Amino acid sequence: AVAVVILTGVINGGLILQRWPTNMHSPYELLLVCKTLLVAVMVVAAVYNRYRLVPQLAHHSPLAQQRTIAVCWLELGLALLVIALVSLFATLSPN
C-alpha cells in the first residue's frame, strides 16, 4: 500500500510539473521536495519499527517499548508535517 501511494505521488508530481522538481527557487517545488524527504524518513522509521523494534517487543524489553513509542510519535509528527506542507503547496502555482 505504501509503495502504491509513493508511486502515485511520483506520477502525480510528474503530471503536474512535466519534469523533475529541480528548481529550488520555486516555493512549490521546494515544498514538494521537502514533503518527499519527510515521507522517505517516515518510511525508514516505519521499516525500523517493524523489523527492528517489533521483534524486540516479543522479549518484553522495556527499552524496545520506549523506542517503539518514540518512533510512533516521530511518525505521527512527520505525518502532520507532511499534511501541513501539502496544505501549503496545494495553494501555490506549480509554475
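The coordinates are above.
Described below are features of the structure shown in this document. In this text the structure is predicted, and so the values were computed from the model without any measurement. (Residues numbered from 1 in each chain as written. Predicted model: local features only at pLDDT ≥ 70, side-chain atom pairs only at ≥ 80, totals over all residues. Heavy atoms only, no water.)

### Examining the overall build of the protein
- Along the protein, the regular secondary structure elements total 3 helices and 0 strands.
- When the helices and strands of the protein are listed from N to C terminus, the series reads α-α-α.
- Over its C-alpha trace the protein gives a radius of gyration of 16 Å, far above what one expects of a compact globule, namely 12 Å for 95 residues.
- With the principal axes as the frame, the protein shows a C-alpha extent of 55 × 20 × 15 Å.
- Within the protein, the proportion of its 95 residues that are buried is 20%.
- A sequence separation of at least 24 residues applies to 58% of the contacts in the protein between residues at least 6 apart. (Helix = DSSP H or I, 4+ residues; strand = E, 2+ residues; numbered from the N terminus. Rg over C-alpha atoms; globule rule 2.2 N^0.38 Å. Buried < 20%, exposed > 50% of the residue type's maximum accessible area, 1.4 Å probe, protein only. Contact = heavy atoms within 4.5 Å.)

### Notes on a nonpolar patch on the surface
- On the surface, Ile 69, Trp 73, Leu 76, Leu 80 and Ile 83 cluster together into a nonpolar patch covering about 560 Å² of accessible area.
- Summarising the element assignment, Ile 83 is placed in helix α3 (residues 62-89). (Patch = residues over 30% accessible without salt bridge, like charges linked within 9 Å, V, L, I, M, F, W, Y side chains within 5 Å. Areas by Shrake-Rupley, 256 points an atom, 1.4 Å probe, with all protein chains shown as cover. Salt bridge = Lys/Arg side-chain N within 4 Å of Asp/Glu carboxyl O.)

### With respect to the packing of aromatic side chains
- Within this structure, the stated rule accounts for 0 aromatic pairs.
- In this structure, Arg 50 is placed above the aromatic ring of Tyr 51, and the distance from its NZ or CZ to the ring centre is 5.0 Å. (Phe/Tyr/Trp six-rings, centres within 6.5 Å; stacked < 30°, edge-to-face > 60°. Lys NZ or Arg CZ within 6 Å of the ring centre and 35° of its normal.)

### As for the nonpolar core
- Counting 9 residues, the largest nonpolar core consists of Leu 17, Tyr 28, Leu 31, Leu 32, Leu 38, Leu 78, Val 82, Leu 85 and Phe 89.
- Only α2 (27-57) and α3 provide two or more residues apiece to this core. (Core = buried A, V, L, I, M, F, W, Y, C linked by side-chain atoms within 4.5 Å.)

### Digging into the environment of Ala 58
- Turning to its location among the elements, Ala 58 is positioned in the loop between α2 and α3.
- Here Ala 58 falls in the exposed class, since its relative accessible area comes to 57%.
- Sequence separation between Ala 58 and Thr 8 is 50 residues; the distance between their C-alpha atoms is 35 Å.

### Points about the packing of α2 against α3
- Taken N-terminus to C-terminus, the directions of α2 and α3 make an angle of 160 degrees; their axes are 9 Å apart at the nearest point. Put simply, α2 runs roughly antiparallel to α3. The two elements α2 and α3 cross, and the hand of that crossing is left-handed.
- When the residues that make up the contact of α2 with α3 are grouped by side-chain class, the tally is 25 nonpolar, 4 polar and 3 charged. (Axes fitted to C-alpha atoms, helices over the stretch in contact; angles between N-to-C directions. Parallel < 35°, antiparallel > 145°, perpendicular 65-115°, else oblique. Left-handed = near helix turned anticlockwise from the far one by under 90°. Nonpolar A, V, L, I, M, F, W, Y, C, P; charged D, E, K, R; others polar.)

### Digging into unusual backbone geometry
- With a phi close to 55 degrees, His 60 is a non-glycine residue in the positive phi region.
- With respect to the helices and strands, His 60 occurs in the loop between α2 and α3.

### Describing the packing of helix α1 (residues 2-17) against α2
- Interhelical geometry of α1 versus α2 gives an angle of 170 degrees and a closest axis separation of 12 Å. Classed by the angle they form, the pair α1 and α2 counts as roughly antiparallel. Contacts from Val 2, Ile 6, Ile 16 and Leu 17 of α1 reach α2 at Tyr 28, Glu 29, Leu 32, Val 39 and Val 43.

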